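For reference, the chains in residue letters:
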Amino acid sequence: MATQVQSLPFDTEELVHFSEKRNEPEWFTDMRLKALGLAEELPLPKPEKTRIDDWNFTDFNYDTTGEPVTDPAKFPEAIGKLVGEKAENVLIHHNSDRIYRNLSPDLSRKGVIFTDLATALRENGELVKKYYFKTASLDKHKLSALHAALINGGSFLYVPKNVVIDTPIQAIYFQDAPSSGLVAHTIIAAEPNSSVTYVESYLSGDSVGDGAANLISEVTVGENASVKYGAVDNFTDGIVTYVNRQGNVDRDGSLQWALGQMNDGNTLSENATNLEGDGSSADTKAVSVGSGSQKQNFDNYIRHVGKASVSRLLVRGAQKDASNSIFNARTKIEHGASGADGEQAQRVLMLSDDARGDANPILLIDEYDVIAGHAASVGRVDPDQLYYLMSRGIKKETAEKLIVEGFLEPVVDLLPIEGVRKQLAELIERKVG
Amino acid sequence: MTVPELKIQDLHVSVEGKSIVKGFDLDIKGGEIHALMGPNGTGKSTVASAIMGHPKYEVTAGSVSLDGENLLDMAVDERARAGMFLAMQYPSEVSGVTNADFLRTAINGRRGEGNEIPLMKFIKTLDKKMDLLEMDQAFAERYVNEGFSGGEKKRNEILQLMMLEPKFAILDEIDSGLDIDALKWVAKGVNSMRSENFGCLIITHYQRLLNYIKPDKVHVMMNGHIVKTGGPELALRLEEEGYDGMKAELGIKDDEPVEA
C-alpha cells in the first residue's frame, strides 16, 4: 500500500491567532501546535472492516461563531425543544461559541463547575490541565491529534467530593456554519463520593453541507462516585463524525453510558471504559440506526483491571436502506482482576436486503476466577413477533416499526431529560420510518 | 345488525409438508360458545393458527369465511380487522413496546386513520378491563409479555380480547398452566364478552374451564377432524372416560401424533 503524504489544510499562524482570540493559557496553545505537528505525521485509525481513508475528517472550517442568547424563550426551536422549562443547569454551544450558560446558585455554592471549555481554561486552567488528555490519549492517531490541535468547543463539569447532584446537567451543541467542523472536548470529573447525571445532544443544520465533527469526552469517576452519561448524536448526512467517549472508574465507582447514535453521516465511534478500581462497575448501552448509504463503525470497549469489577454492555443497531455498520464489542479482563464479571450483548436488526451489518464479540481474558459472557446476533425482525402484532389488527409496516422502536428503546428509557428522551424517540421514529 | 357467522368448511392444513388437519367443518354464530376438545397432537391448535393466518401453516383445501367474506384471502392483520381474534398458546414477547401502546395501536388500526380513540377514553376503558381481570395497573406500562409469568401472559391475552372486542375469538389452550384463580379471571373476562355479536371457540384438553364458561356445543377432534359433537355433557363424559373410551366407541385408530 502506498504511503499517503498529506499535508493538512491548517495554518499554524491562524491557529495561534485563534487561540489568542480565546485567551487560552500558553500551555494549551503549545499543546495545540504540538498536536498539529503530530496530526501531520500520525496515521488514521484502522477500524476493523470499515474503510475510512476517503472520509473527510480534515477539510473544514473550525473558526466559526454563534449568536449569544440571554432569554431562554428566544432559543432557536431545535434547541428550545431539548431544554427543560427552567433552562437550568444547561450549557448551549452554537458553532464554536458558547451562547448560553446556566448553573443553579445552589450547585455553584457547593463548588460545582459547569462551563464551556474555553472559559474553564481561563478561570480554572490548572483543574482542566489535571484532566485534559489524561483518560484519552492525544497521540493515539491522526484524529485524536487533530482534535487537540483544533478544539473549538467543549464542556467542563467538575463535581467536588461528596456532592450529589439530583437534577441532570445538560449540554447542547448546535452546528450550522457552512463547511464547518465541531471539535468539542468534554471533561467530566466526579470526585470521590459524588454523583452526577450529564446529558449531551449534538445536532446540526443542513446549512453545514459537508463538514466534520471530532468529539472526545473524558470522564473521571472517583472513588465511590457515580456518573451517568447520556448522549444523543444527530449530525446531518454531510458531516463525517469521529467520536470518542472514554471513562476511567476508581474503586467502587460506577459509570453508566446511554448513547443514542443517530447521525445521518459516516461515523466512527469509539467508546471505552477502564474499570481501574476494585469493585468498580460500568453499564454501557448504545443504540444506532443506519440509514441511506451511511457507513458506521462502533467500537465499544471495557477493560477490567480492578478486582470484582462488573460490566454490562448492550449494543443494538438497526440497519436500513444501503447502510453499512460494523459493531465491535471488546471486553478485556486483565491479570489480577479476579472476581471480575463482564457481559456483553450485541444485536443487529437488518431491515433491508441492501444493508450490511456485522457484530463482532471479543473477549480477552487473562485471569482465571472471572465470569464473562458474550452474545451477538445479526438477524431480521422476528416473524413470530410480527405475526403476534398483526394478529391484533396492526398493519405489517406499523408492526415492524413498533418492534424496531422497541428494540432501540433501552437507551431512550435511560435519558433523564424529557426533551432529550423525546428527541431520541423522534429520531428513531424518523430514521426507522 | 345481523348476527356474525364464522364458517369453516372441509379445512385441510399442512405444516412443513405434513398434513395435519384433514376435513374440518365448523359453524359458529354470534352468541355461541363452542369447545373443541381432543387428545394432544390431533390438530386443534393447527386449526386455530391456520384461521388466523400464521405463515407456517398452509391451507391446502377448504374454506373459512366470516360473514361471507373469505378469510383465507386476507393477510393476518386484515383477518383481525375483519373481526377475528386468537388468544395464543404461546404469546410473543415484544421488548420495548408497552402493553398500553400496543393496545392503542391495535385499536386505532381497527378504527382507521382520523377515527383514533381519544386517549382519555382509552385509558378509562383499559383501567376498567384491567380491574375486572384483577390485573395490576402497572401492567399497562410493562413491555408486552416481557417477564410475564405463564398466567400473566394468558390474562394479558384476555385483556386484549376485551379491549379489541372482535366478532370471533379462538382461545387456544388458554387454560394450560393456569391455577384455579387465574382460570376464574379468564372465565370472567370471556363471560363479560358474551353477546349476540360475539362468538367463541375454546380449545382445551380439560373439562375444568368449561365449569366456568358454559359452552353451547362441545366438539371432539381426532386425527385432524371433528369426530363427535354434543352438549356440555360430552365434556363431562370425556373427563370421566378419557379419549380412549371414545376412540374405541367410534372405532378410531391413532394417527401418528404430530407436534404442532
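About the criteria used
- Residues numbered from 1 in each chain as written.
- Chains lettered and ligands numbered in written order.
- Predicted model: local features only at pLDDT ≥ 70, side-chain atom pairs only at ≥ 80, totals over all residues.
- Helix = DSSP H or I, 4+ residues; strand = E, 2+ residues; numbered from the N terminus.
- Rg over C-alpha atoms; globule rule 2.2 N^0.38 Å.
- Buried ≥ 20, exposed ≤ 12 C-beta atoms within 10 Å, placed from the backbone.
- Contact = placed C-beta atoms within 7 Å.
- UniProt positions renumbered as here; feature names shortened; annotations may be inferred.
- Axes fitted to C-alpha atoms, helices over the stretch in contact; angles between N-to-C directions.
- Parallel < 35°, antiparallel > 145°, perpendicular 65-115°, else oblique.
- Left-handed = near helix turned anticlockwise from the far one by under 90°.
- Nonpolar A, V, L, I, M, F, W, Y, C, P; charged D, E, K, R; others polar.
- Expected span 1.5 Å × (residues − 1).
- Arc of directions from axis to C-beta.
- Core = buried A, V, L, I, M, F, W, Y, C linked by C-beta atoms within 7 Å.
- Pairing = 2+ DSSP bridges.

Peer 1: When you look at the overall build of chain A in this model, what are you seeing that I'm missing?
Peer 2: A tally of regular secondary structure across chain A gives 11 helices and 19 strands. Taking 22 Å as the expected radius of gyration for a compact globule of 433 residues, we find that chain A reaches 21 Å, a close match to that expectation. Looking at chain A as a whole, 54% of its 433 residues are labelled buried. The contacts of chain A with a sequence gap of at least 6 include a subset with a gap of at least 24, amounting to 82%.

Peer 1: Whenever I open this one, unusual backbone geometry confuses me. Can you help?
Peer 2: Negative phi values dominate among residues other than glycine, just as trans dominates among peptide bonds. A positive phi angle, near 60°, is found at Asn224(A), a position not held by glycine. Along the polypeptide, Asn224(A) turns up in the loop between strand 8 (211-221) and strand 9 (226-234). You can call Asn224(A) partly exposed: it has 18 C-beta atoms within 10 Å. You will see that Asn145(B), though not glycine, has its phi angle at about 60°, which is positive. Note that Asn145(B) resides in the loop between strand 8 (143-144) and helix 5 (150-164).

Peer 1: Just checking my understanding: could you explain the UniProt feature "domain: SUF system FeS cluster assembly SufBD core" (unreviewed entry) in chain A for this structure?
Peer 2: As annotated in UniProt, the feature "domain: SUF system FeS cluster assembly SufBD core" (unreviewed entry) corresponds to residues 176-407 of chain A in the numbering used here. Segment residues 176-407 of chain A splits into 9% helix and 59% strand. End C-alpha atoms: 31 Å apart.

Peer 1: Just checking my understanding: could you explain the packing of helix 2 (residues 26-41) of chain A against helix 7 (residues 142-150) of chain A for this structure?
Peer 2: When two helices pack together, you describe them by how their axes are tilted relative to each other and by the distance separating the axes. Residue and element names in this part refer to chain A. Interhelical geometry of helix 2 versus helix 7 gives an angle of 150° and a closest axis separation of 7 Å. It follows from the interaxial angle that helix 2 and helix 7 lie roughly antiparallel. Between helix 2 and helix 7 lies a crossing of left-handed hand. In this structure, helix 2 uses Met31, Arg32, Ala35, Leu36, Leu38 and Ala39 to contact helix 7, whose residues at the interface are Lys142, Ala145, Leu146, Ala148 and Ala149. Across the contact of helix 2 with helix 7, the residue classes tally to nine nonpolar, no polar and two charged.

Peer 1: Would you mind showing me how to read the interface of chain A and chain B here?
Peer 2: Each side of the interface is counted separately: chain A has 21 residues, and chain B has 20 residues. Listed by contribution, the elements that provide at least two residues to the side of chain A that touches chain B are helix 8 (383-390), helix 9 (396-407) and helix 10 (409-414) of chain A.

Peer 1: Whenever I open this one, helix 6 (residues 180-193) of chain B confuses me. Can you help?
Peer 2: Three- or four-residue spacings in an α-helix give side chains the same orientation, since the helix completes a turn every 3.6 residues. Residue and element names in this part refer to chain B. With 14 residues, helix 6 should reach 20 Å at 1.5 Å per residue; the first-to-last C-alpha distance of 20 Å fits that figure. Among all positions of helix 6, only Ala182, Leu183, Trp185, Val186, Gly189 and Val190 are buried. Burial along helix 6 is one-sided: seen end-on, the buried residues are contained in an arc of 160°. When the buried face of helix 6 is taken as reference, the exposed residues oriented beyond 90 degrees from it are Ile180, Asp181 and Asn191. Taken together, the buried residues of helix 6 touch helix 4 (119-132), helix 5 and strand 10 (199-204).

Peer 1: I tried to follow the UniProt feature "domain: SUF system FeS cluster assembly SufBD N-terminal" (unreviewed entry) in chain A on my own but got confused; where do I start?
Peer 2: When the UniProt feature table is mapped onto this chain, "domain: SUF system FeS cluster assembly SufBD N-terminal" (unreviewed entry) is found at residues 95-170 of chain A. Within residues 95-170 of chain A, the helical portion is 37% and the strand portion 25%, while the C-alpha atoms at the span's ends are 17 Å from each other.

Peer 1: Where do I start with the nonpolar core in this structure?
Peer 2: Taken as a class, soluble globular proteins show a tendency for nonpolar side chains to be buried jointly. Judged by nonpolar contacts, the single largest core of 194 residues is most densely connected at Val227(A), Val411(A), Ile51(B), Met84(B), Ala87(B) and Ile202(B). Looking at this core element by element, the count peaks at seven residues for strand 6 (residues 181-190) of chain A. Filtering out sequence-adjacent residues up to four positions away, Val411(A) remains in contact with Ala258(A), Leu259(A), Gly260(A), Lys285(A), Ala286(A), Val287(A) and Leu424(A).

Peer 1: I would appreciate a short explanation of the UniProt feature "domain: ABC transporter" (unreviewed entry) in chain B in the present structure.
Peer 2: Those residues carrying the UniProt feature "domain: ABC transporter" (unreviewed entry) are residues 6-248 of chain B in this numbering. In residues 6-248 of chain B, helix accounts for 37% and strand for 30%; the two terminal C-alpha atoms are 31 Å from one another.

Peer 1: What exactly am I supposed to notice about the pairing of strand 11 (residues 217-222) of chain B here?
Peer 2: The side chains of a regular strand alternate, first on one face of the sheet and then on the other. Residue and element names in this part refer to chain B. When you tally the buried positions in strand 11, you get five out of six residues, the bulk of the element. Sheet topology note: the strand 11/strand 12 (residues 225-230) ladder contains five bridges and is antiparallel. The residue bridging His219 from the neighbouring strand is Thr229, located in strand 12. Taken together, strand 11 and the strand that follows it, strand 12, pair antiparallel across an intervening segment of two residues, in which Asn223 is found at a positive phi of about 50°.

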